[in-house]
Amino acid sequence: MKIATWNINSIRQRIGNLSSWLDRARPDIVCLQEIKCQDEQFPRSEIEALGYNVAVHGQKTFNGVAILSKLPFDEVTRRLPGDESDEQARYLEAVVSVKGGVLRIASIYLPNGNPLGTEKFPYKLAWMERLKRHAAGLLALEEPLVLAGDYNVIPEPRDARYPELWTGDALFQPESRARFREIAHLGFTDAVRATTDEAGLYSFWDYQAGAWQRNNGIRIDHLMLSPQAADRLLAAGIDKDERAREKPSDHVPVWARLRLETP
């Protein structure tokens, strides 16, 4: 089974890019972030025509997450628990049946946190704390679990072409990276880093200052695997070429292949 995550940066603007990639890459499940539309505006029919079931948690103009699955959904949960006042659409969780059990997967769009010195950075850290608590509870279920999405965290200096350029950014603050490590240390495995120590692996290139042309990238999109999912990991990768397409997202798909069979 192939599972992918992609910050699509406006689904309605990039439905053509998404459809072409789905046809080429043929993932079984895709977690999308920053769809930037309300549920009723999501291009559901176009994606369903490609053989996918669709779950959406949208928001007007900003944020928004979705899960596309070739398998039917057994459960769908919208919103990250822990703060009923938080109305930002950043978390969507689903369960599908696989041979011998289930797969639980979440599409995550973690807050950016910039600019530092505003309320946005404490919100980011608080959101990560909520995610850690919820993830700990999910691990207790002892299921194959994938927390996939745009974490807006550069875990290590090797995950940036020029790490020194990010020292004043919320994505690379010691507090952000520490929260990410705390989540990982619950028992999660970073799918890409479990398969390679190669440098120069990035999932985001800014639209500004020729970042793509200079390969000034960062790796902020991650698939974090529970022990039961990590035991089934076969391969992982980043579809870098999608950044060179016409009118691309500033992110590219990141994927993992797991040894899970459909019923």
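Nothing here was measured: the structure is a model prediction, and the numbers come from that model.

1. Some remarks on the overall build of the chain
Alright, step 1. Regarding its fold elements, the chain presents six helices and 14 strands.
Alright, step 2. A compact globule built from 263 residues should have a C-alpha radius of gyration of about 18 Å, and the chain, at 17 Å, falls within 12% of that.
Alright, step 3. Residue pairs in contact within the chain that sit at least 24 positions apart in sequence constitute 69% of those at least 6 positions apart.
Alright, step 4. Carbon together with sulfur atoms contributes 47% to the accessible area of the chain, which is approximately 11,200 Å² in total.
Alright, step 5. Of the side chains in the chain, 34 bear a positive and 37 a negative charge, and the two mean positions are spaced by 3 Å.

2. Some words on the nonpolar core
Alright, step 1. Grouped together as the largest cluster of nonpolar side chains are 34 residues, with contacts concentrated most on M1, I3, I29, L103, V146 and L258.
Alright, step 2. With four residues, strand 6 (residues 91–98) is the largest single contributor of residues to this core.
Alright, step 3. Ranked by size, the runner-up nonpolar core spans 21 residues in total, among them W6, C37, V54 and L68.

3. Observations regarding the pairing of strand 3 (residues 53–57)
Alright, step 1. Extensive coverage of strand 3 is indicated by the burial of four of its five residues.
Alright, step 2. In this structure, strand 3 lies alongside strand 4 (residues 65–69), joined through five bridges in antiparallel fashion. Its bridge partner lying in strand 4, V54 is registered against L68.

4. Considering the environment of K132
Alright, step 1. Locating K132 in the fold gives a position in helix 3 (residues 120–139).
Alright, step 2. A sequence separation of 69 residues divides K132 from N63, and the C-alpha atoms of the two residues are 20 Å apart.
Alright, step 3. Setting aside its immediate chain neighbours within four residues, K132 contacts E182, I183 and L186.

5. Considerations on the packing of helix 3 against helix 4 (residues 174–184)
Alright, step 1. One can describe the packing of helix 3 onto helix 4 by two numbers: an axis separation of 10 Å at closest approach and a directional angle of 5°. On the basis of the axis angle, helix 3 is roughly parallel to helix 4. Residues F121, K124, L125, M128, E129, L131 and K132 of helix 3 lie in contact with helix 4, whose contacting residues are E175, S176, R179, F180, E182 and I183.
Alright, step 2. Here the contact of helix 3 with helix 4 is built from residues that sort into six nonpolar, one polar and six charged.

6. Some details on the pairing of strand 6
When a strand is regular, its side chains alternate between the sheet's two faces.
Alright, step 1. Of all the eight residues making up strand 6, seven are buried; the element is thus mostly covered by neighbouring parts of the structure.
Alright, step 2. Here strand 5 (residues 73–78) runs beside strand 6; their pairing, made up of five bridges, is antiparallel. For V76, the partnering residue across the bridge sits in strand 6 and is A94.
Alright, step 3. Where strand 6 and strand 7 (residues 101–109) come together, eight bridges link them in antiparallel fashion. Counted as the bridge partner of V98 is G101 from strand 7.
Alright, step 4. Where strand 6 hands over to strand 7, the hairpin turn is made up of two residues, of which G100 adopts a positive phi near 85°.

7. Side note on the state of the cysteines
Alright, step 1. Counted by the stated rule, this structure contains zero disulfides.
Alright, step 2. With no disulfide of its own, C37 lies 16 Å from the sulfur of C31, the closest cysteine sulfur.

8. Considering the environment of E175
Alright, step 1. Relative to the helices and strands, E175 resides in helix 4.
Alright, step 2. Counting along the chain gives 50 residues from E175 to L125, while the straight-line C-alpha distance between them is 7.5 Å.
Alright, step 3. Residues within four places of E175 in sequence aside, it is in contact with F121 and L125.

9. Examining helix 1 (residues 15–25)
Given 3.6 residues per helical turn, the α-helix brings residues three or four places apart onto the same face.
Alright, step 1. Restricting attention to buried positions, one finds in helix 1 the residues I15, N17, L18, W21, L22 and A25. What you see down the axis of helix 1 is that its buried residues fit within an arc of 155°, all on one side.
Alright, step 2. In this structure, the buried residues of helix 1 make contact with strand 1 (2–7), strand 2 (29–33), helix 2 (44–48) and strand 4.

Conventions and cut-offs
Residues numbered from 1 in each chain as written. Predicted model: local features only at pLDDT ≥ 70, side-chain atom pairs only at ≥ 80, totals over all residues. Heavy atoms only, no water. Helix = DSSP H or I, 4+ residues; strand = E, 2+ residues; numbered from the N terminus. Rg over C-alpha atoms; globule rule 2.2 N^0.38 Å. Contact = heavy atoms within 4.5 Å. Areas by Shrake-Rupley, 256 points an atom, 1.4 Å probe, with all protein chains shown as cover. Lys, Arg positive; Asp, Glu negative; His and termini not counted. Charge placed at Lys NZ, Arg CZ, Asp CG, Glu CD. Core = buried A, V, L, I, M, F, W, Y, C linked by side-chain atoms within 4.5 Å. Buried < 20%, exposed > 50% of the residue type's maximum accessible area, 1.4 Å probe, protein only. Pairing = 2+ DSSP bridges. Axes fitted to C-alpha atoms, helices over the stretch in contact; angles between N-to-C directions. Parallel < 35°, antiparallel > 145°, perpendicular 65-115°, else oblique. Nonpolar A, V, L, I, M, F, W, Y, C, P; charged D, E, K, R; others polar. Disulfide = S-S within 2.5 Å. Arc of directions from axis to C-beta.

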